[in-house]
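Fold and geometry: a report
Here are the chains, one letter per residue:
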Amino acid sequence: MSTTNTVPKLLAQVKHVVLVLSGKGGVGKSSVTTQVALTLSLKGYNVGVLDIDLTGPSLPRMFGAETKQVHQSANGWVPVSIYHDDKSPFGSISLMSLGLLISDRGSSIVWRGPKKTAMIRQFMSDVAWTSGNSSEMLDYLIIDTPPGTSDEHIAIAEELRYATALDGAIIVTTPQQVATADVRKEINFCKKVNFDILGVVENMSGFICPHCADCTDIFLRGGGKALSSSLDLKFLGEIPIDPTFVEMIELQKSSESSLLDQYQNSKLYPIVSQIVDEILNKDGK
Ligand SMILES: Nc1ncnc2c1ncn2[C@@H]1O[C@H](COP(=O)(O)OP(=O)(O)OP(=O)(O)O)[C@@H](O)[C@H]1O
Ligand code: SF4
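Predicted, not measured: the structure shown is a model, and the values here were computed from it.

Right, let's get into the UniProt feature "binding site: ATP" (unreviewed entry) in the protein. What UniProt calls "binding site: ATP" (unreviewed entry) maps, in this numbering, to G23, K24, G25, G26, V27, G28, K29 and S30. When the 13 C-beta atoms within 10 Å are taken as the criterion, G25 is described as partly exposed. When you line up the elements, G28 lands in the loop between β1 (14-22) and α1 (29-42). A tally of 21 C-beta atoms within 10 Å means that G28 is categorised as buried.

Okay, structure coming up:
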């Protein structure tokens, strides 16, 4: 862990850092991370995505990058470029994940705490986070974490302790998880390690029918909003289940248009766009 009160050098290349957390697994934390990154890019921001879920890294699959490689340069690890086009109005997206470093990508990783801590320290100090191929600073670094509060969370909290670029954390929950102790535990963790909470996102909130485009409430909606107001947190918004999003992710490699283009035309983009605007306006600016 950083023993001095300094920020890892390469993190100084990042203007804003946002963490994505959830109390339980499977609530869509990685999907939210992916959508926030795509949305920021569509709004013109250069984005880096760091996957610190070391036991189950799912972001390479989300971005269709499972076969891509991280390269070593004189400045450090060069993250995988997901999107970069100087001529487009969209920002670049680059990705760093343990899933892009290990050779046996199908196997799960069983590491003890100290090894995980060392890996996260390396992610924080050795990744050359610049936008695309240029030396421009990254606007946003979105960090996807494992569910719950684990060694990875403690390690990242230690690494980010003095990072002034840290905007805070987004808590992802679902209508079924909202009332559980796990969500409160996650919120308490943030308070303990001084992570500002940017707000709560309720994912899988209703279902967008692929046939009629109607949104049906399968589970009771509105719990995220109620939880936020009872804990005096900002409610960022509700994201419904959209089966076309899963299709978009699964079929992106065989599709003629890029994930970014497909997402821009999806029903989820305007919804997540509003959530991202709330994050961008975190200080009401
Ligand atoms: N709003 C949504 N609409 C459609 N599918 C979704 C939505 N949110 C999540 N999913 C799907 O649900 C599954 C679980 O989501 P995801 O992997 O993002 O969850 P997670 O919380 O990151 O899980 P883990 O605990 O493994 O980290 C994925 O297949 C994802 O595509
Ligand atoms: S929501 Fe209604 S229209 Fe759409 S598939 Fe279901 S039943 Fe059919």
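In the region of ligand 2, the neighbouring residues are C209, H211, C212, D214 and T216. In terms of residue class, the shell around ligand 2 is made up of 2 nonpolar, 2 polar and 1 charged.

Take the site of ligand 1 next. As a matter of local geometry, ligand 1 sits amid 20 residues, with G25, G28, K29, S30 and S31 nearest to it. Counting residues per element, the ones that place at least two in the shell around ligand 1 are α1, β9 (197-208), β11 (235-241) and α7 (243-250). Within the shell around ligand 1, the residues separate by chemical class into 8 nonpolar, 9 polar and 3 charged.

The predicted model of the protein has a mean per-residue pLDDT of 87, with 89% of residues at 70 or higher. When pLDDT is averaged over each element of the protein, α1 comes out on top at 98 and strand β10 (residues 215-216) at the bottom at 68. Both scores are available for the predicted complex, with the pTM at 0.92 and the ipTM at 0.92.

Quick look at the pairing of β1 now. Within β1, 7 of the 9 residues are buried, leaving the element largely enclosed by the surrounding structure. Note that β1 and strand β7 (residues 138-144) share 6 bridges and pair parallel. Bridged to V20 within β7 is D144. In the sheet, β1 pairs with strand β8 (residues 166-173) via 6 bridges, with the strands oriented parallel. Bridge pairing in β8 links S22 to V172.

Conventions adopted
- Residues numbered from 1 in each chain as written.
- Chains lettered and ligands numbered in written order.
- Predicted model: local features only at pLDDT ≥ 70, side-chain atom pairs only at ≥ 80, totals over all residues.
- UniProt positions renumbered as here; feature names shortened; annotations may be inferred.
- Buried ≥ 20, exposed ≤ 12 C-beta atoms within 10 Å, placed from the backbone.
- Helix = DSSP H or I, 4+ residues; strand = E, 2+ residues; numbered from the N terminus.
- Near = placed C-beta within 6 Å.
- Nonpolar A, V, L, I, M, F, W, Y, C, P; charged D, E, K, R; others polar.
- pLDDT = per-residue confidence, 0-100.
- Pairing = 2+ DSSP bridges.

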